[in-house]
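Examination of the molecular architecture
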Amino acid sequence: MAESGLVWAAAIAIPVLLIAPAIWNGYPLLQWDTGGYLARWYEGYLVPSRSTVFGLYLHFGEGSSFWINLGIQALATFWILQLTLRVLGMNEPLRLLGIALALVLTTALPWLASTLLTDIFTGLSVLALFVLVLHGRKITAVEKCALFAFIAFSAASHSATMAVLLGLSCLAVLAWPWLRGKISGAGLLQAWLSLLAGGGMLLSANFALSGELAWTPGGYGVTFGRMLQDGIVAQYLRDHCAREKFKLCPYRNELPATADRFLWGSSMFNTLGRFRGLNDEMKTIVLGSLADYTAWQAQAALAATTKQLTMVATGEGTNGWIPHTYGIIERYIPGQLKPMRAANQQRWQLDFTEINYLHVPVALASMLLLAAIFAWRWWFFGLDDLTLLAASVTFAVLGNAFICAIVSGPHDRYGARLAWVATLVVLIAAIRSLAGDDERLSRPGRQEVGHA
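Conventions adopted
Residues numbered from 1 in each chain as written. Predicted model: local features only at pLDDT ≥ 70, side-chain atom pairs only at ≥ 80, totals over all residues. Heavy atoms only, no water. Helix = DSSP H or I, 4+ residues; strand = E, 2+ residues; numbered from the N terminus. Expected span 1.5 Å × (residues − 1). Bend = angle between axes of the 7 residues up to and from the residue. Buried < 20%, exposed > 50% of the residue type's maximum accessible area, 1.4 Å probe, protein only. Contact = heavy atoms within 4.5 Å. Axes fitted to C-alpha atoms, helices over the stretch in contact; angles between N-to-C directions. Parallel < 35°, antiparallel > 145°, perpendicular 65-115°, else oblique. Left-handed = near helix turned anticlockwise from the far one by under 90°. Nonpolar A, V, L, I, M, F, W, Y, C, P; charged D, E, K, R; others polar. Disulfide = S-S within 2.5 Å. Polar contact = N/O pair within 3.5 Å; in protein donor to acceptor, adjacent residues only side chain to side chain. Salt bridge = Lys/Arg side-chain N within 4 Å of Asp/Glu carboxyl O.

Attention shifts here to helix H23 (residues 412-435). When the terminal C-alpha atoms of H23 are compared, their 35 Å separation across 24 residues agrees well with the 34 Å that a helix rising 1.5 Å per residue should span. The largest bend in H23 amounts to roughly 30° and is located at Leu-418. Within H23, 17 of the 24 residues are buried, which leaves it mostly tucked inside the rest of the structure. Taken from the residues just after H23, Gly-436 is the one with a positive phi, measuring 75°.

Looking at where Leu-56 falls in the secondary structure, it is placed in helix H5 (residues 52-60). For Leu-56, a relative accessible area of 30% corresponds to the partly exposed category. It is 42 Å that separates the C-alpha atoms of Leu-56 and Arg-377, two residues lying 321 residues apart in sequence. Once you skip the residues sitting within four places of it in the chain, Leu-56 turns out to touch Trp-41, Ala-205 and Leu-209.

On to the packing of helix H9 (residues 120-134) against helix H22 (residues 385-408). Where H9 meets H22, the closest approach of the two axes is 10 Å, and the angle between their N-to-C directions is 140°. It follows that H9 is oblique to H22 by the angle criterion. When you trace H9 past H22, the crossing you get is right-handed. Along the contact surface, H9 presents Val-126, Leu-127, Phe-130 and Leu-134, while H22 presents Asp-385, Leu-388, Leu-389, Ser-392 and Ala-396. Each residue belonging to the contact of H9 with H22 can be placed in one class, and the counts come to seven nonpolar, one polar and one charged.

To continue, consider the state of the cysteines. A complete count under the given rule lists one disulfide for this structure. Note that Cys-241 is cross-linked by a disulfide to Cys-249, the S-S spacing being 2.0 Å. Across the S-S bond of Cys-241 and Cys-249 the torsion is about -95°, and the bridge reads as left-handed. Residue class for Cys-249 comes out buried when judged on its relative accessible area of 8%. The structure places no disulfide on Cys-170, whose sulfur is separated from the nearest cysteine sulfur, that of Cys-404, by 17 Å.

By the element assignment, Gln-31 lies in the loop between helix H2 (20-25) and helix H3 (34-38). You can call Gln-31 buried: its relative accessible area is 1%. A polar atom in the side chain of Gln-31 sits 2.7 Å from the backbone nitrogen of Asp-33. From its side chain, Gln-31 meets the backbone oxygen of Glu-316 in a polar contact 3.1 Å long. Apart from residues no more than four positions distant in its own chain, Gln-31 is found in contact with Thr-115, Leu-117, Glu-316, Gly-317, Thr-318, Ile-322, Thr-325 and Arg-413.

Evaluated as defined, the whole model comprises 12 salt bridges. Two residues, Arg-413 and Asp-33, come together in a salt bridge whose shortest N-O distance is 2.8 Å. Placement of Arg-413 in helix H23 and of Asp-33 in the loop between H2 and H3 is noted, with a sequence separation of 380 residues between them. Asp-33 shares its class with Arg-413; the two are buried. Two residues, Arg-86 and Glu-143, come together in a salt bridge whose shortest N-O distance is 2.3 Å. Of this pair, Arg-86 sits in helix H6 (residues 67-87) while Glu-143 sits in helix H10 (residues 141-157), and the two are 57 residues apart along the sequence. For Glu-143, a relative accessible area of 14% corresponds to the buried category. A cluster of three or more residues bridged by salt bridges with shared partners is formed by Asp-33, Arg-50, Asp-119, Arg-413 and Arg-417.

Here it is, written out as structure tokens:
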């Protein structure tokens, strides 16, 4: 009761701060890929890397100029932040306010929450999975159901998010024999069922909108673009065009230097029918080059993953030049044109250069400190709750970098969507250390281990 004022202050201030960029903008922030998701409801067919589930989620908010979507994103972020702190025994309002304010000021979190894109759900779903699997006994049945649904939706919203969550769930299964006191069988089962539900959600939405019972397409095409960028495609064509008649053979000396220019710019990809016209050929080249240049592929994957870990800048693709998204809004929801065009982003008043002078070093330092915290705490405190959180986020960051780098190539937005979670762990570790919580919370665990 004495802290009720602070509770209300946190409950009101944190969600507002999380969408402060959109409030300043006068309209939800848009990104290169937003239009592809928006169009799924209207076009009725599947396109590569554009989840119909997330498209339906955006369509739900059209009547509110998408402010409902931002409200959901802000409240979900607030909810999962306080839930994470609560299961760690740190649910004091002042701590929640302080951590939230630090994240808002120094990380990409408010920009992710203010953008109509799937990225905000990646980091939140990692925290949600951590709470469900490792701390399910500390939350209510209603909260478990809510986390279950949230993880399923997040997994269905983007294949890379699904892959990261699947990887963490596999690691949990491998660690279960040694961590039975930490990881419950029920928690593991709930995690796997939530991922299955996410897959079912995506397949159902794809079938409802397109009539196709299929996964979101584009895996081979996007991976082809990454291999093209590494020079592997050009070499494969030089080695095989003499005996195999690929559509790309006449263009093998004119391929663009980057995957983005090939897939999304004006290139021979458009001339040859884009994904529909080249999908089978790209699949053949991807699989063939994996067999022919195994060592090269491994070296390229390692280099791309390393590069991805350094690419964490905020705001990639969120600027004034996003013609496809503008075109989709103009074609299908013309009622949004006036408020959209009046926004600061559409008047080219949004620039992340100075913001990234702070965000990039904070993100890079946080990821380095995250790995150090994981190693240090494991050595001195064993696998306590914060060590396991640091481990979960460390593996999520590494897995996200690996998956995104080898599939579509390194991009800043892939790093930024998880770097803020590393900063969260650093802040939690710093507060617990300064407040003396580590000694107080770890003492019973040390006695139990010594006795055993």
